[in-house]
Amino acid sequence: MCRIALRLDYPDRVAPTPIVVLISGTGSLLAALLEASRRRDSSFTVVGVIADRDAPGLEHARAAEVPAQVIAPADHPDRAAWDRALAAAVAAHSPQLVVLAGFMRLLGAPLLDSHGGRIINSHPALLPSFPGAHGVRDALAHGVKVTGASVIEVDPGIDTGRILAQRAVEVLPEDTEASLHERIKAVEQPMLVEVVQRLTAAD
Ligand code: GRF
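Note that the structure is predicted; figures quoted are calculated from it, not measured. (Residues numbered from 1 in each chain as written. Predicted model: local features only at pLDDT ≥ 70, side-chain atom pairs only at ≥ 80, totals over all residues. Heavy atoms only, no water.)

K.L.:
Break down the overall build of the protein chain for me, citing the residues and quoting the values.
P.N.:
Check the secondary structure of the protein chain and you find 7 helices and 7 strands. Along its sequence from the N terminus, the protein chain presents helices and strands in the succession α-β-α-β-α-β-α-β-α-β-α-β-β-α. Along the first, second and third principal axes, the C-alpha set of the protein chain runs to 60 × 40 × 30 Å. Burial analysis of the protein chain (203 residues in total) assigns 43% to the buried set. For the protein chain, the proportion of contacts with a sequence separation of at least 24, taken over those separated by at least 6, is 64%. (Helix = DSSP H or I, 4+ residues; strand = E, 2+ residues; numbered from the N terminus. Buried < 20%, exposed > 50% of the residue type's maximum accessible area, 1.4 Å probe, protein only. Contact = heavy atoms within 4.5 Å.)

In structure tokens form, the structure reads like this:
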């Protein structure tokens, strides 16, 4: 009934594309995605959030009444079992796109096989420089004057997938890892939203 009424009101409107977001941390990127998804003309909707730990960012999902779930390695007998559980949890939402938004683990074959080519990751450095878990720290330690953020397709490597978007951020002499990361996140959030909009608008 509701759906019919919507179609009559907005005959050209297409149902937003379902996405699942994976997080490990505070969920600042998730919050940006949720906010964008609430816009009336959003091309995507967040149908599920999955974390590998009891991440504080899960609160954003709960506040938005989006199903949120923890799939923790510690709750599984081995890495292969966790990989299968994660892939099954993602598949249960039937997403068209999976977004790693501060998810701090490598994906295993089950998820890559089931959603390959439809998984993207946001990384806080200008890839291919400074891949891995400490992109901000490594860039600072190297003494670069410009770093930034990248959104990439996920492949089996460590931040080796095709680059979809990048933004540069100047490194200031007084920067700490935390201050630099905050400025990177400020460009990372709108960039990730833009890429997700672009990919889902094409659906
Ligand atoms: C982002 O900089 C992301 O690239 C990195 O973790 C940060 C997101 O963390 N891997 P959060 O969204 O604040 O948890």
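K.L.:
Would you mind going over the site of the ligand in detail, with residue names and values included?
P.N.:
Around the ligand there are 13 residues in total, and Thr26, Ser28, His181, Lys185 and Glu188 lie nearest to it. Here an oxygen atom of the ligand sits 3.1 Å away from a polar atom, N or O, in the main chain of Leu29. Taking Glu188, its side chain carries an N or O atom lying 2.4 Å from an oxygen atom of the ligand. Burial of the ligand by the surrounding chains reaches 92%, relative to a free accessible area of 370 Å². Taking a 2 Å distance to the grid points as the criterion, the majority of the atoms of the ligand fall inside the largest pocket. Mapped onto the shell around the ligand, the elements with two or more residues apiece are helix H2 (28-37), strand S5 (119-123) and helix H7 (177-201). (Near = heavy atom within 4 Å. Polar contact = N/O pair within 3.5 Å; in protein donor to acceptor, adjacent residues only side chain to side chain. Areas by Shrake-Rupley, 256 points an atom, 1.4 Å probe, with all protein chains shown as cover. 1 Å grid on protein atoms, 1.4 Å probe; cavity = no way out; pocket = protein on both sides within 12 Å on 5 of 7 lines; lining within 4 Å. Sits in = over half its atoms within 2 Å of the grid points.)

K.L.:
So what about the pairing of strand S1 (residues 17-23)? Which residues, and what values?
P.N.:
Extensive coverage of S1 is indicated by the burial of 6 of its 7 residues. Sheet analysis places S1 next to strand S2 (residues 44-51), joined by 7 bridges and oriented parallel. Bridge pairing in S2 places Ile23 opposite Ala51. What joins S1 to S2 is H2, and the crossover it makes is right-handed. In this structure, S1 lies alongside strand S4 (residues 97-100), joined through 4 bridges in parallel fashion. Paired with Val20 across the strands is Val98, a residue of S4. (Pairing = 2+ DSSP bridges. Right-handed = clockwise from strand over helix to strand, strands pointing away.)

K.L.:
Any details on the sheet that holds strand S3 (residues 68-70)? Residues and values, ideally.
P.N.:
On the basis of which strands lie adjacent, the open sheet formed by 7 strands has the order S3-S2-S1-S4-S5-S6-S7 and mixed pairing. Two strands close off the open sheet at either side, each with one partner strand: S3 and strand S7 (163-170). Strand-to-strand, the axes of this sheet are offset by a mean angle of 20°, without reference to chain direction. (Axes fitted to C-alpha atoms, helices over the stretch in contact; angles between N-to-C directions.)

K.L.:
I'd love a proper account of the packing of aromatic side chains, names of residues and values included.
P.N.:
Under the defined criterion, the tally for this structure stands at 1 aromatic pair. The interplanar angle of 10° and the centroid separation of 6.5 Å between the aromatic rings of Trp82 and Phe103 together place this pair among those described as stacked. With Trp82 in helix H4 (residues 79-91) and Phe103 in the loop between S4 and helix H5 (109-115), this pair connects stretches of sequence that are 21 residues apart. Comparing Trp82 with Phe103 shows no difference in burial state: the two are buried. Between the NZ or CZ atom of Arg105 and the centre of the ring of Trp82, over which it lies, the distance is 5.8 Å. (Phe/Tyr/Trp six-rings, centres within 6.5 Å; stacked < 30°, edge-to-face > 60°. Lys NZ or Arg CZ within 6 Å of the ring centre and 35° of its normal.)

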